[in-house]
Amino acid sequence: MKISPLHCALLASFVALTACNQSTENEAKITSGQSSSKVPDFWPKLDIQIKPNAAVEEQVAKLLSAMTLEQKVAQTIQPEIRDITVEDMRRYGFGSYLNGGGAFPNNDKHATPQDWIAHAQSMYLASIDDSLDGSTIPTMWGTDAVHGHNNVIGATLFPHNIGLGAAHNPSLIKQVAKATAQEVMATGIDWIFAPTVATVQDDRWGRTYESYSEDPALIREYSHAFVEGLQGDPVSGYFKDDNVISTVKHFVGDGGTENGDDQGNNLSSEQQLFERHAQGYVGGLSAGAQSVMASFNSWHGEKVHGHHYLLTEVLKERMGFDGFVVGDWNGHGQVAGCSNESCPQAMNAGLDIYMVATPAWKPLLENTLAQVKAGIIPLSRLDDAVSRILRVKVRAGLFTKPAPAERTYANTPNVIGNPAHRAIARQAVRESLVLLKNNQQLLPLNPTRSFLIAGDGADNIGKQSGGWTITWQGTGNNNADFPGGQSIYAGIKDRVLAAGGKIVLSEQGEYTERPDVAIVVFGEEPYAEGNGDIGNLDYQRGVNNDLVLLKKLQAAGIPVVSIFLSGRPMWVNPELNASDAFVAAWLPGSEGEGVADVIMADESGAVRNDFMGRLPFSWPINPNQSLLNFYDEDYQPLFKLGYGLTYTTATELANDLNEVVADDSQEMTERAIFDRRAIAPWFVATISDEKVKQMNSNTLITPSLSIRTQDRRVQEDSLQINWLDDSQAKFILQGTFPRDLRALSASKPSLQFDIKLLSSLPSNLTVSMECAEQCKKSVSVLEQFNVDTTDWQTISIDWQCFDVDFAAISAPFILQANQGVKVAISDVKISTQSSENATIQCKQ
């Protein structure tokens, strides 16, 4: 098989070869080592920095030989902190555990670093307590610290990966990783689920911002640098006091699914899979990454969690990876023939740790144990998995380190949000900004002038930080949740006031004294994973509120600077036309003053910091150009990969970009209210005694009602609701302001939702809506339940049943029940198909 010039260049620094040409002889050099003969030659045998060590292997073998079957299986089970207790850890001795995005010690979003350390300490001590399980093997805690220690209040939040990719600076990435490792160590955690090394091909994917670039070569470099920053390097050594275990994820092909569908199907050829999607593993594994996370996606229809060829023959045998493979959130349950509670196929394929982030952990542990005893999972495969886990624990020093509360950074003050870390983040913001337009050299701005700061992203640290910020989706936060952080507005304000200029903040762009310049900060609302999947790249498709604001200011003759917050390139031709200068700021994180560092001049008007960012992704010329990559034969973007103006560039962008959107879609037949999450502008809340409490993490518990996310089809895509008393508390999907839904009501729609009964049949279960004038009517849905099934059921209600003012809907879905009722809901939507098909009809 011939080796392409592209992957020859990609491999040069990371595999053991002396030359790279098209000869069969040199191909054999690349692929030397034990592996299946059917693995193509372009998959390399890597030169991995952390080498096998006889003393480590001796210790692993000794530990393994003394373990019972039960202890071995427990090492392969990774539950989530909301689903286990300290006593569970003492009883079973899990090899690891995790906190998912938006999960906190004691379910407390505002848990302090000391609370995190206390939880780590109690779990660690329980794991080495042999009084119940006979094991003294320490557990390890894993967390998604994907742009800083993003679950912890007060932590330094770095730009998301897409912004770091724009910086094109591997040495900076290593500093980001080092700072992140220190803040994670300060909470007693050993293991980070990062870096993400997806090569995104279709920007409609909701995880595009977790990718550094569409360029595999940059991803390879960044992966290598990030892993060294977390774990150490050949010069400084590995797994010192300020190092953690890294995870290169998600193996493999997650960024190349059809239509950018999260957890979808990748149809790349095998050579494309390697050249485009595996370069992050060439870089990260060469640097010594000790864990790899299996991907949710399929490759040609086969889920990677159950893919023996990719996990074992390619990753472990050919590439030489000797660490462990961990699953993603119940990803094993998506393998054909599997469930969350049972999946021998995944372990047999090469999965070493099941991430079983629900109460399914217990039946999974029991079933796995039974499957090993029955020979369904060979004992040799279990022993290999456990040996890999132990090998990493020995290398990482978990057997010799003190308990979490006694470690160096746990007792070092002010590690979380440390000023030195914030300085690195601020530098990263500066270097990530990409200047797309600067007509008449409007930027940089002299701070002595007068400014109007507008847009809903201007003074909103949560919005500028995006998803994976305190909560999984990055929603439900306000500026008070970011102590030590600074909004983009606050950074500009400090600079302007210090220079004697004037500044006014108005989200809607209102002013009494005409400003010299308007700076408008706007962009995507926070989202994570599949919740961010979109149909095309048209920004604010069908809404255009931000465009209206820009055009209002433009019509008034006020020069407009647009600061665009987004997790991907988007079609913003109208917004570009309505702006004199336009900056792609991505998702900069907690250090918003980094924007002011670049766009504001000094008092004399001289440049303080020039733009350094260059596009890590190609920018679309139309909203349907989501599958746009620099290697395409017909490559015609608006802005090419690597584009970015500086203050020395005098390029003018005419205000005549095409604003016509070709209609490539059918008439909309539904509007989602809850689809894996509450869809903006709606949010999840409870109402009890006329008090509203908003759900801002994965769990909400009040005296009257509890809500928590649960898995239906994919991770946390539904809600479990439990009425705890008989106060008639309400579960509610509502908005901050009433919404005009008259356009939908004209089509005679129905309210549709899926529901699953988790308790005995209630005596009362009603659905209602609410509008601005308190007009509401409840509809009982009891008669719609099929009491003979525990499966999900779909209920639809004729819109006319609610008797509300459709011009001002404040809550499109309210659910009430009696004490003891427990249900799960998902897929709440307004269907614009004829209400004649609704299961509950109301003729008027």
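In what follows, the structure referred to is the one given above.
All figures in this text were calculated on a predicted structure; none of them were measured in a lab.

Mind showing me how you'd approach the overall build of the protein chain here?
A count of helical and extended segments in the protein chain gives 23 helices and 32 strands. Compactness check: the protein chain gives a C-alpha radius of gyration of 27 Å against a globular reference of 28 Å for 844 residues, within 12% of the reference. The C-alpha extent of the protein chain, read off along each of the three principal axes, is 75 × 70 × 55 Å. Long-range pairs, those at least 24 residues apart, make up 78% of the contacts in the protein chain between residues at least 6 apart in sequence. Carbon and sulfur atoms form 48% of the exposed surface of the protein chain, whose accessible area is close to 29,600 Å². Placing the 66 positive and 99 negative side-chain charges of the protein chain at their respective mean positions leaves the two points 2 Å apart.

So what exactly am I meant to see when it comes to the nonpolar core here?
As a rule of thumb, nonpolar side chains are buried together in soluble globular proteins. Counting residues in hydrophobic clusters, the biggest one holds 107 residues, and the most contacted among them are Trp43, Phe251, Tyr281, Leu285, Leu310, Met319 and Tyr354. In contact with tyrosine 354, not counting residues within four places along its chain, are Thr76, Ile77, Gln78, His332, Cys343, Pro344, Ala346, Met347, Leu364, Thr368 and Ile377. Ranked by size, the runner-up nonpolar core spans 45 residues in total, among them Leu700, Leu719, Phe802 and Val804.

I keep staring at the packing of helix H10 (residues 216-231) against helix H12 (residues 279-286) and nothing clicks. Help me out?
Pairs of packed helices are described in terms of their axes, by the angle between the two and the distance that separates them. The interhelical angle for the contact between H10 and H12, taken along N-to-C directions, is 25°, at an axis separation of 7 Å. The orientation of H10 with respect to H12, classified from their angle, is roughly parallel. At the point where H10 passes H12, the crossing takes the right-handed sense. Every residue of H12 that contacts H10 at Pro216, Ile219, Arg220, Ser223, His224 and Val227 is listed here: Gln279, Gly280, Val282, Gly283, Gly284 and Ser286. In the contact of H10 with H12, the residues fall into 4 nonpolar, 7 polar and 1 charged.

Can you walk me through H12 in this structure?
A large share of H12 lies buried, amounting to 8 of its 8 residues. Along H12, the residues classified as buried are Gln279, Gly280, Tyr281, Val282, Gly283, Gly284, Leu285 and Ser286. Of the residues one or two after H12, glycine 288 is the one with positive phi, at around 100°.

What exactly am I supposed to notice about the pattern of salt bridges here?
Where charged atoms of side chains with opposite charge meet at close range, the side chains can pair. Using the criterion set out here, one finds 37 salt bridges in the structure. Here lysine 72 ties to aspartate 383 by a salt bridge, and the two come within 2.8 Å at their closest N and O atoms. You can see lysine 72 sitting in helix H4 (residues 69-75) and its partner aspartate 383 sitting in helix H16 (residues 379-395), a full 311 residues away along the chain. Residue classification places lysine 72 among the buried residues on the basis of a relative accessible area of 9%. Take aspartate 383: its relative accessible area is 19%, and that puts it in the buried class. With its nearest N and O atoms 2.6 Å apart, the salt bridge here joins glutamate 591 to arginine 422. Here arginine 422 lies in helix H17 (residues 419-432) and glutamate 591 lies in the loop between strand S19 (581-586) and helix H22 (593-599), a separation of 169 residues in the sequence. In this structure, glutamate 591 and arginine 422 share a single accessibility class: buried. One salt-bridge network, in which partners are shared between bridges, spans Lys316, Asp352, Arg381, Asp384 and Arg388.

Conventions adopted
Numbers given to residues run from 1 along each chain, matching the order in which its sequence is written. Local features in a predicted model are, by the rule used here, given only for residues with pLDDT of at least 70; side-chain atom pairs are given and counted only at 80 or more, and totals for whole chains, interfaces and linings are based on all residues. Derived side-chain values reflect all non-hydrogen atoms in the structure, with water molecules and hydrogen atoms excluded from consideration. The secondary structure listing takes helices from DSSP runs of H or I that are at least 4 residues long and strands from runs of E that are at least 2 residues long, numbered from the N terminus. As a reference, a globule follows 2.2 Å times the number of residues to the power 0.38, and the radius of gyration itself is taken over C-alpha atoms. Whether two residues are in contact is decided by their heavy atoms: any pair within 4.5 Å suffices. Methods summary: accessible areas were calculated by the Shrake-Rupley approach with a probe of 1.4 Å, and residue burial reflects only the protein chains presented. For the purpose of charge, His is not counted, nor are the chain termini; Lys and Arg are scored as positive and Asp and Glu as negative. Charged groups are reduced to one reference atom each: NZ for lysine, CZ for arginine, CG for aspartic acid, CD for glutamic acid. Residues grouped as a nonpolar core are buried Ala, Val, Leu, Ile, Met, Phe, Trp, Tyr and Cys residues, joined through side-chain atoms within 4.5 Å. Burial status follows relative accessibility: with a 1.4 Å probe on protein chains alone, a residue under 20% of its type maximum counts as buried, one over 50% as exposed, and anything between as partly exposed. To define axes, lines are fitted to C-alpha atoms, for helices over the stretch in contact only, and angles between the resulting N-to-C directions are given on a 0 to 180 degree scale. Put simply, angles under 35 degrees are roughly parallel, angles over 145 are roughly antiparallel, angles from 65 to 115 are roughly perpendicular, and the rest are oblique. Left-handed describes a crossing in which the near helix is turned anticlockwise from the far one by less than a right angle; the clockwise case is right-handed. Amino acid classes used here: Ala, Val, Leu, Ile, Met, Phe, Trp, Tyr, Cys and Pro are nonpolar; Asp, Glu, Lys and Arg are charged; the rest, including Gly, are polar. Put simply, a salt bridge is a Lys or Arg side-chain nitrogen that is within 4 Å of an Asp or Glu carboxyl oxygen.

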